[in-house]
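Residue-level structural notes
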Amino acid sequence: MTILSSHEEVYLLVDDWLEAAVAADILSKEGIDAEVINLRSIRPLDRATINASVRKTNRLVTVEEGFPQHGVGVEICMSIIEESFEYLDAPVERIAGADVPMPYAANLERMAVPQVDDIVRAAKRACYRSVPMAAAA
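Rules and cut-offs
Residues numbered from 1 in each chain as written. Predicted model: local features only at pLDDT ≥ 70, side-chain atom pairs only at ≥ 80, totals over all residues. Heavy atoms only, no water. Axes fitted to C-alpha atoms, helices over the stretch in contact; angles between N-to-C directions. Helix = DSSP H or I, 4+ residues; strand = E, 2+ residues; numbered from the N terminus. Parallel < 35°, antiparallel > 145°, perpendicular 65-115°, else oblique. Left-handed = near helix turned anticlockwise from the far one by under 90°. Contact = heavy atoms within 4.5 Å. Nonpolar A, V, L, I, M, F, W, Y, C, P; charged D, E, K, R; others polar. Buried < 20%, exposed > 50% of the residue type's maximum accessible area, 1.4 Å probe, protein only. Polar contact = N/O pair within 3.5 Å; in protein donor to acceptor, adjacent residues only side chain to side chain. Salt bridge = Lys/Arg side-chain N within 4 Å of Asp/Glu carboxyl O.

Right, let's get into the packing of helix H1 (residues 17-29) against helix H5 (residues 116-126). Direction vectors running N to C along H1 and H5 enclose 50 degrees, while the axes themselves pass 9 Å from each other. On the basis of their axis angle, the class for H1 and H5 is oblique. Handedness of the crossing formed by H1 with H5: right-handed. On the side of H1, the interface is formed by Glu19, Ala20, Val22, Ala23, Ile26 and Leu27, while H5 contributes Val116, Ile119, Val120, Ala123 and Lys124. Tallied by class, the residues present in the contact of H1 with H5 amount to 9 nonpolar, no polar and 2 charged.

Let's shift gears to the side chain of Glu35. With respect to the element layout, Glu35 can be found in strand E2 (residues 32-38). Of the residues examined, Glu35 reaches a relative accessible area of 10% and is grouped as buried. Of the polar contacts made by the side chain of Glu35, one reaches the side chain of Ser53; its length is 2.4 Å. There is a polar contact of 2.5 Å between the side chain of Glu35 and the side chain of Lys56.

On inspection of all chains with the given rule, the structure shows 6 salt bridges. Note that Lys29 is salt-bridged to Asp25, the shortest N-O span being 3.5 Å. Residue Lys29 and its partner Asp25 are located together in helix H1, separated by 4 residues, close to a single helical turn. Assessed through its relative accessible area of 36%, Asp25 is described here as partly exposed.

To continue, consider the environment of Glu75. With respect to the helices, strands and loops of the structure, Glu75 is situated in helix H3 (residues 72-84). When its relative accessible area of 39% is taken as the criterion, Glu75 is described as partly exposed. Along the chain, Glu75 and Leu45 lie 30 residues apart, while their C-alpha atoms are 9.5 Å from each other. Apart from residues no more than four positions distant in its own chain, Glu75 is found in contact with Leu45 and Arg47. Of note is the side chain of Glu75, whose polar atom sits 3.0 Å from the side chain of Arg47.

Okay, here's the thing in structure tokens:
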């Protein structure tokens, strides 16, 4: 899904389609065109589509509910570094679930998986529209 805008673009690679679609809608209202690609499978990984989109938008945000270590987002980031690094205008932003056992309580589960606000913040960082995460700490 691509939301058309005449301003900046950011590529969102997602594991959770609904959150990314909502985030893309919010970003479009702020002048950021977010091209959302929903990976149907990770094996085989559609590297051609991923690289083509990054070469078009020059930015990448990966979103997954899994643990940050050894996740599919890491493999995608490595693929971009190997094949499309020179096209990037900003560091890759990677959003993943918290590195904790999945909580049973619904309120704690929401805190452990990526939310729309997390995706929007990462996309804004990729477009240099907000304070970098290291500077905010």
